[in-house]
Amino acid sequence: MSTEATAQAGSREDSARSAVAAPLELREVVKHYPGAAKPAVDHLSLEVPAGEICVLVGPSGCGKTTAMRMVNRMIDITDGDILIGGNSVRDRKPADLRREIGYVIQQIGLFPHKTIGENIATVPHLLGWDKQRTRARVEELLNIIGLPGDFRDRYPSQLSGGQRQRVGVARALAADPPLMLMDEPFGAIDPINRERLQNEFLRLQAELRKTIVFVTHDIDEAIKMGDRIAILKEGGILAQYAPPAELLMYPAEPFVEDFVGSDRALKRLALQRVRDIDLWKAPLVRIGEPVSDVKAKLADADLEIPLVVDEHGRPKGWLSERGLQGERVREDFRSPAEPIVELDDILRDALSDLLSADSQYGPVVDADGCVAGVLSIEALSHALSVPAQHVPSATELAAAED
Amino acid sequence: MSDFSYVPVLAQLGDDFFGDREGATERCPGNNGLCPGWIADNFSDFVDPFWEHVLLSIVPLAIGFVVATGLALLAHRYRGLQPIFLGFVGALFTIPSIAFYLILLNITGRGYTTAVVVLTAYTQVLIYRNVMTGLQEVPRETVDVAEGMGLTRRQILWRVELPMALPTIFAGLRIAASSTVGIAGFAFFAGAGGLGGEIFADPAFKGNVVTASLLMILLATVLELIVLAVQRAFTPWERAASS
């Protein structure tokens, strides 16, 4: 990979560990197996900007894995071309090409006869890195994936499934490749750990900003992980290529609509966090405050019921009419301040909280527990009508969290 | 020992395969008993045959290991060869050793070389089959991910497939070791000496039969333990898995 071809990915100056990623382009790529009536991948064209996750998703037999495996030439391209950082993969020796592309598969495929350190060092070893550099890199990667340094000398059989999966990712990242291919990387992990590993990986990606081709058959995983999603249908035909929110709002054809499911509006709720939408402004009052001040606040707010907060700004309860009778605000609540929603909650969880509390709205608090606004079902409903391009991708969400 | 029926035929092979054991019965009044006294007196007669037997076991094992592994690697690379090789090494194993020696009489004559050729041939099926099985048992995804990370075919074979096949390969080697020690008992029919000569010198006399047999068992056990020790040294991950 020439240096001109690799783009500095991401504008974040603080991504200290690595910042190199390459854009990927598939141009009219065809895979036609000899003897097959129809191609497995049919004139597939995709552009993946540097540093983004492109998810290939579709039913079995849609050619998603075939498409991915043509990128590192594990499968030969029948027609068309694939460019990494502007260079055709056809011009490269397959083994050399693959050493510059991270590769993670569902079964992980750690080498059972090699220690964790040796597994991670596979590609650096092939590239002829010296011992010191390799050792330092292994240490760095164990640290990045959150495994203790003494795991270096263990064997894969001594690790749990989740730990092995992390090592698989670390091994793919070892030589700092500008592009990663991931074939159902979380497919063999139980649901609870899968969720955690997905989140971990998104946080890692927010920092590393690699260009990633991610294959899955699970649309929910695609929506969660993808900056862009390519939905393929049988015969390797691209049905739609769009960011998750756009895909959910404007499915291009009935096949996509079916594939994303009839709950696609609800799925959008998983794409946004409470902090991303316009919250209502609540009239915040304190016990002992002049009632005249409250009147002014009420006029300025989106809600007619005053929310009582303590001296730190934490919600105490909704004030009753009687609390306002008199010179100063008295402690008299009509109802407790429930449910309390956090800014970092995803909209789906927030909505669930409102519904289970049988409430139309609830105070939103920041990390310190101070009121930042009020979330109402009306505001949620409004958020779902926001144009798709304003909905952030998974990587952006993970980055915002840090 | 069904090979006994060959004994008259084998007389043609030479005149020294029935050694001189005449003094034995004289010194052992029990007549065909175990005669510990006789064993003690004559133990030195077993030393040279024992070392012959050691060579008759180790040399065919070493050559057999190299040849069978070579065949297995060829068959691993060119799958079409698999049924041919398996049939060939299997057929070799079915030839009775005495017949094998007679066949080779016109080619390599009598002696050590003939015995080594025959014993090597017998190791083939045991070692070849296990190398093959070991290579085939390497999970496809492990090979896939190795390829995907940029290992060449040759690197995959030497760094992934063969190491992962080692436990199965060593298992084959262990079976071949004890089997070869046993079959080498017939090597004296080819004029190559070994402990078999001591047994057949007087098959009815128990002292020599027991002594020679015990020495063969000892040799087989030691060889197996050596292979096991080498295996443990070469496959540290196996122990990690069980701990």
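Keep in mind it's a predicted model, so treat the numbers as computed, not measured.

Give a detailed account of the overall build of chain B, specifying residues and quantitative values.
Counting its secondary structure elements, chain B contains 12 helices and zero strands. Each helix (α) and strand (β) of chain B, taken in turn from the N terminus, gives the series α-α-α-α-α-α-α-α-α-α-α-α. A buried classification covers 40% of the 243 residues belonging to chain B. Considering only intrachain contacts with a sequence separation of at least 6, the fraction spanning at least 24 residues in chain B is 77%.

So, the packing of helix H4 (residues 44-77) of chain B against helix H9 (residues 153-183) of chain B: which residues are in play, and what are the values?
All names here are of chain B. Following both chains from N to C, one finds H4 and H9 inclined at 140°, their axes separated by 9 Å at the closest point. For the element pair H4 and H9, the recorded crossing hand is right-handed. Between H4, through Ser57, Pro60, Leu61, Gly64 and Phe65, and H9, the contact on the second element is made entirely by Leu173, Ala176, Ala177, Thr180 and Val181. In terms of residue class, the contact of H4 with H9 is built from seven nonpolar, three polar and no charged.

Which residues make up the interface of chain B and chain A, and what are the values?
Contacts between the two partners involve 16 residues from chain B, matched on the other side by 19 residues from chain A. Residue assignment for the side of chain B that touches chain A shows that the elements contributing at least two residues are helix H8 (140-148), H9 and helix H12 (236-242) of chain B. Of all the elements, H8 of chain B adds the most residues to the side of chain B that touches chain A, at six residues. Counted by class, the side of chain B that touches chain A contains nine nonpolar, four polar and three charged residues.

Describe in detail the sheet that holds strand E6 (residues 79-84) of chain A, supporting the description with residues and values.
Residues and elements named next belong to chain A. As summarised here, the arrangement of the four strands in space is E4-E3-E6-E7, forming an open sheet in which the pairing is antiparallel. Edge positions in the sheet fall to strand E4 (41-48) and strand E7 (87-88), since each of these pairs with one other strand and no more. With two bridges joining them, E6 and E7 adopt antiparallel strand pairing. Looking across to E7, one finds that isoleucine 84 is bridged to asparagine 87.

Would you mind going over the confidence of the model for chain A in detail, with residue names and values included?
Scored by pLDDT, chain A comes out at a mean of 87, with 91% of its residues at no less than 70. For the stretch residues 1-19 of chain A, pLDDT sits under 50, and the model shows 36 contacts to residues farther than four places along the chain or on other chains.

Requested: an account of the sheet that holds strand E15 (residues 315-319) of chain A, with residues and values cited.
Spatial strand order, E13-E14-E15-E16 (chain A): four strands in an open sheet with mixed pairing. Whereas interior strands pair on both sides, the edge strands pair on one side only; in this sheet they are strand E13 (284-285) and strand E16 (333-336) of chain A.

Give me the lowdown on the pairing of E6 of chain A, citing residues and values where you can.
Residues and elements named next belong to chain A. Of the strand pairs in this sheet, strand E3 (residues 24-31) and E6 are connected by five bridges, and their pairing is antiparallel. In the sheet register, valine 30 faces E6, and the bridge partner there is aspartate 79. Between E6 and E7, which follow one another and run antiparallel, lie two residues, and glycine 85 among them has a positive phi close to 55°.

Account for the domain arrangement of chain A, with residues named and values stated.
By domain assignment, chain A separates into domain 1 (7-270) and domain 2 (278-383). Summarising the inter-unit geometry, the C-alpha centres of domain 1 of chain A and domain 2 of chain A are found 44 Å apart.

Let's hear about the pairing of strand E8 (residues 101-105) of chain A: which residues, and what values?
All names here are of chain A. The buried count for E8 comes to five of five residues, which makes it a mostly enclosed element. By the alternation rule, side chains of E8 split into Ile101, Tyr103 and Ile105 and Gly102 and Val104, which are all buried. Looking at chain direction, E8 and strand E9 (residues 179-183) are connected through five bridges and run parallel. When the bridges of E9 are listed, isoleucine 101 appears paired with leucine 179.

The rules we used
- Residues numbered from 1 in each chain as written.
- Chains lettered and ligands numbered in written order.
- Predicted model: local features only at pLDDT ≥ 70, side-chain atom pairs only at ≥ 80, totals over all residues.
- Helix = DSSP H or I, 4+ residues; strand = E, 2+ residues; numbered from the N terminus.
- Buried ≥ 20, exposed ≤ 12 C-beta atoms within 10 Å, placed from the backbone.
- Contact = placed C-beta atoms within 7 Å.
- Axes fitted to C-alpha atoms, helices over the stretch in contact; angles between N-to-C directions.
- Left-handed = near helix turned anticlockwise from the far one by under 90°.
- Nonpolar A, V, L, I, M, F, W, Y, C, P; charged D, E, K, R; others polar.
- Pairing = 2+ DSSP bridges.
- pLDDT = per-residue confidence, 0-100.
- Domains from an automatic or database assignment.

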